[in-house]
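Remarks on the overall topology
If you want the building blocks of each chain, they are given just below.
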Amino acid sequence: MRARIFADENRKWWTLGALSFALFMIMLDNTIVNVALPAIKSDLGIGTSELEWVVTAYALTFAVLLLTGGKLGDLYGRRLIFAIGLVVFTASSLACGLSSSATELIAARAVQGVGSALMMPATLSIITATFVARERGAAIGIWAGVSAMALAIGPLLGGVITEHISWNWIFYVNVPIGLLGIVAAVVVVPESKDMSHEQKLDPAGLLTSGIGLLALVYALIEGHNYGWTSARIVGLFVIAAVALAAFVVVELRQRLPMLDLTLFRNGTFTGANVVAILVTLAMFGIFVFFPIYMQTLRGWSPIQSGAALLPWTLLIVIFAPIAGKLSDRIGSRWLISGGMATVALCCLELSTVTVDSSFWHMLPGFVLGGLGMAFVMTPMSAAVMSAAPVDKAGVASGVLNTFRQVGVALGIAITGAIITNREAAALHAGDDPAHAFVHGLTFAMRVSAVICLGGAAAAALLVRKYRHAEQAQPLAEAA
């Protein structure tokens, strides 16, 4: 029985289980922390700006180092880099829980982002290297479903732990999960890497992309605090533009670049990554500002607002694997396009909320959002990974996740800017603060709907069904 369970034909599913286990921990950390922020502020006696950095320190290092994590996995071995990232994340989670000051906690959160950046690209690239093409969509669907499930559980679990134990334990829970993940990675995950000759690191590419993404994400996150036309923010955007332009020039001239820009000659790869930015840009405005609406205007608790979003995330958990199987059969193009159009309908429905709207008013929008994202996220990921050669899977995964993280920052920044601008105009016209906020929120939802329709058009025009010749033999066996 034991030999049958661990037979070669079943090993890939054990690999998927181990990767999903670690991915659950990464994604849980994205949402479990938010509901504990007031408790952290009170316990450590820190100010609002320091509290913001508890969240942004993690987001910055995560976004900036994703491409590097993908390249390191291709170069030195994806299982090795995945395991190292898991060790870093687990140790820094323990450090977060033990922190007694803002400086310690912010530093530990930044290191957590490093661990996540090493792990995240490896999870998707190992799946791509392990599964044959006809099974890859289903495997990615499970990967996306686990990610959504962690995001769904995070707010509720964070609220329960913070209320009944302490905020420290939202970090401590990562330690046993991480230790089990490390053991599983060593035992069941196969090693794979880029087998082409003369592989080496690209220091110039790492430096220019790191500076560019750091400046861009920092400016997007801090734009509200310093003002979008302030010297600091304008200067950061200029630095980002110069550094990212330099990155493109460096990569075009490198014989062995960190990012093979020829990948973007493939319309499917380009189109799916454009969708990755647009869908996260539209959706994360909802994930951030609707809980504020629920708690501030409706008087709901953090646990109640987290529970209100459960239909959304549970639908992604249920339908993401189905979307993955469909993408294997019919391709990703119309699934992505239809999913983005459905998300646009979600935004339009949520643009009708009022100061007194109930959960039942918002529920149709949450249902449409969950269904739409299920049929976007999995086929989008499958399209990116199918359009890239398997030996570039780490870089492709790094690009996809970087685009998604940049979309998150853009979504929060742009939605916040729209709400602030429209809210100020409504207050000037004589509205009370509650109605002014809702005016800004509903206008932002209409803008998000237009963005989603743009993503639907991009998918329809650029994404095509793509097959690789290696579908009969995964790279892991060849290696």
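In this convention, every chain numbers its residues from 1, walking through the sequence in written order. It should be noted that, the model being predicted, local features are given only for residues of pLDDT at least 70 and side-chain atom pairs only at 80 or more, the latter also being counted only at that level, while totals for whole chains, interfaces and linings use all residues. The side-chain figures draw on all heavy atoms in the structure; neither hydrogens nor water molecules are used.

Details of the overall build of the chain
The numbering of helices and of strands both runs from the N terminus, where a helix is a DSSP run of H or I of at least 4 residues and a strand a run of E of at least 2. Check the secondary structure of the chain and you find 19 helices and 0 strands. Residue burial is assigned from relative accessible area. The probe radius is 1.4 Å, only protein chains are included, and a residue is buried under 20% of its type maximum, exposed over 50%, and partly exposed in between. Evaluated residue by residue, the chain yields a buried proportion of 56% over its 479 residues. Contacts spanning at least 24 positions in sequence make up 83% of the contacts within the chain whose residues lie at least 6 apart. For the chain, the computed accessible surface area is about 18,900 Å², with 68% contributed by carbon and sulfur atoms. Note on contacts: a residue pair qualifies if any of its non-hydrogen atoms lie within 4.5 Å across the two residues. We get accessible surface area from the Shrake-Rupley algorithm with a probe of 1.4 Å; when it comes to residues, only the shown protein chains can shield them.

Considering the packing of helix H14 (residues 310–330) against helix H16 (residues 359–387)
Angles shown run from 0 to 180 degrees and are taken between the N-to-C directions of axes, each axis being a line fitted to C-alpha atoms and, for helices, limited to the stretch in contact. Interaxial distance between H14 and H16 falls to 7 Å at its minimum, and their mutual angle equals 30°. One finds that H14 runs roughly parallel with respect to H16. In the packing of H14 onto H16, the handedness of the crossing is right-handed. Charged residues are taken to be Asp, Glu, Lys and Arg, nonpolar residues to be Ala, Val, Leu, Ile, Met, Phe, Trp, Tyr, Cys and Pro, and polar residues to be all remaining types, Gly included. Taken together, the residues that form the contact of H14 with H16 break down as 18 nonpolar, 6 polar and no charged. Angle categories are assigned with fixed cut-offs, so that under 35 degrees is roughly parallel, over 145 is roughly antiparallel, 65 to 115 is roughly perpendicular, and the rest are oblique. If you view the pair so one helix is near and one far, a crossing is left-handed when the near helix is turned anticlockwise from the far one by less than a right angle, and right-handed when it is turned clockwise.

A look at the packing of helix H5 (residues 78–98) against helix H9 (residues 174–188)
Each pair of packed helices can be summarised by the angle the axes make with each other and by the distance between the axes. Contact geometry of H5 with H9 gives a least axis separation of 9 Å together with a crossing angle of 165°. In terms of orientation, H5 lies roughly antiparallel with respect to H9. Between H5 and H9 lies a crossing of left-handed hand. Side by side, H5 and H9 meet where Arg79, Phe82, Leu86, Val87, Phe89, Thr90, Ser93 and Leu94 of the first sit next to Asn174, Val175, Gly178, Leu179, Gly181, Ile182, Ala185 and Val186 of the second.

Here we look at the confidence of the model for the chain
A score between 0 and 100, pLDDT records how confident the predictor is in each residue. Averaged over every residue, the pLDDT of the chain is 78; residues scoring 70 or more account for 86%. Long-range and interchain partners of residues 468–479, a stretch whose pLDDT sits below 50, account for 27 contacts in this model, where long-range means more than four residues apart.

Description of the layout of surface pockets
Residues are called lining when one of their atoms sits within 4 Å of a cavity or pocket point, these points coming from a 1 Å grid over the protein atoms alone, where a cavity is a set in which a 1.4 Å probe fits but cannot get out and a pocket is an open set with protein on both sides within 12 Å along at least five of seven lines. Grid points are joined across faces, edges and corners, and a volume is the space filled by probe spheres set on the points. Taken as a whole, the second largest pocket encloses approximately 300 Å³ of empty space. If you go around the second largest pocket, you meet 15 residues; those closest to its centre are Leu67, Leu213, Leu244, Phe247 and Phe403. Among the secondary structure elements, those contributing two or more residues to the lining of the second largest pocket are helix H10 (203–226), helix H11 (231–253) and helix H17 (393–428). Residue contributions to the lining of the second largest pocket peak at 4 residues, all from H17. Here the residues of the lining of the second largest pocket sort into 13 nonpolar, 2 polar and no charged.

Quick look at the side chain of Arg404
Considering the arrangement of structural elements, one finds Arg404 in helix H17. Residue Arg404 is classed as buried on the basis of its relative accessible area of 14%.

Topic: the environment of Ile177
Tracing the backbone through its elements, the reader meets Ile177 in helix H9. In sequence terms Ile177 and Thr90 are 87 residues apart; their C-alpha atoms lie 8.3 Å from each other. Sequence-distant contacts of Ile177, defined by excluding residues within four places in its chain, comprise Phe21 and Met25.

Section: helix H15 (residues 333–350)
Under the 1.5 Å per step criterion, the end-to-end length of H15 is 26 Å for 18 residues, consistent within 8% with the ideal 26 Å. Of all the residues in H15, the buried ones are Leu335, Ile336, Ser337, Gly339, Met340, Val343, Ala344, Cys346, Cys347, Glu349 and Leu350. Residues of H15 that are buried sit in contact with helix H12 (267–296), H14, H16 and helix H18 (433–462). Between the first and last residue of a helix there are one fewer steps than residues, each counted as 1.5 Å, and that sum is the expected span.

Side note on the packing of aromatic side chains
For Phe, Tyr and Trp, rings pair up if their centres lie within 6.5 Å, where Trp contributes its six-membered ring, and each pair is then called stacked (planes under 30 degrees apart), edge-to-face (over 60) or tilted (otherwise). Taken as a whole and assessed by the stated rule, the structure comprises 8 aromatic pairs. Measuring from ring centre to ring centre gives 6.3 Å for Trp167 and Phe171, while their planes differ by 85°; the resulting arrangement is edge-to-face. By the burial criterion, Trp167 is buried, and Phe171 matches it. Judged by centre distance (6.0 Å) and plane angle (55°), the rings of Trp312 and Phe366 are tilted. Linking Trp312 in helix H14 with Phe366 in helix H16, this pair joins segments that are 54 residues apart in sequence. Accessibility assignment for this pair places Trp312 and Phe366 in one class, buried. Pairwise contacts between aromatic rings join Phe264, Phe269 and Phe403 into one cluster. Of note, Arg232 hangs over the ring of Tyr226, and the distance from its end group to the ring centre comes to 4.1 Å. We count a charge as sitting over a ring when the NZ of a lysine or the CZ of an arginine lies within 6 Å of the ring centre and within 35 degrees of the ring normal. The ring centre of Phe443 lies 3.9 Å from the NZ or CZ of Arg422, which sits over that ring.

Side note on a nonpolar patch on the surface
Residues with no salt bridge and a relative accessible area higher than 30% make up the patches, which join like charges within 9 Å and nonpolar side chains (Val, Leu, Ile, Met, Phe, Trp, Tyr) within 5 Å. Whenever Lys or Arg places a side-chain nitrogen within 4 Å of a carboxyl oxygen from Asp or Glu, that contact is recorded as a salt bridge. Taken together, the side chains of Tyr76, Leu80, Ile84 and Leu201 make up a nonpolar region of the molecular surface, amounting to roughly 340 Å² of accessible area. Tracing the chain through its elements places Ile84 in helix H5.

Quick word on the environment of Asp260
Along the chain, Asp260 falls in the loop between H11 and H12. Relative accessible area serves as the criterion here: at 23%, Asp260 is assigned to the partly exposed category. Separated by 135 residues in the primary sequence, Asp260 and Val395 have C-alpha atoms spaced 8.2 Å apart.

Focus on H18
An ideal rise of 1.5 Å per residue puts 44 Å on 30 residues; H18 measures up with 43 Å between its terminal C-alpha atoms. For H18, the capping residue at the N-terminal end is Asp432, with a side-chain oxygen 3.1 Å from the backbone nitrogen of Ala434. Under the rule applied, a polar contact is a pair of N or O atoms within 3.5 Å (in protein, one hydrogen donor and one hydrogen acceptor; residues adjacent in sequence only if both atoms are side-chain atoms).

So, the side chain of Thr442
Its location among the elements puts Thr442 in helix H18. By relative accessible area, which is 8% here, Thr442 ends up buried. Not counting residues up to four positions away in its chain, the partners in contact with Thr442 are Leu350, Ser351 and Val353.

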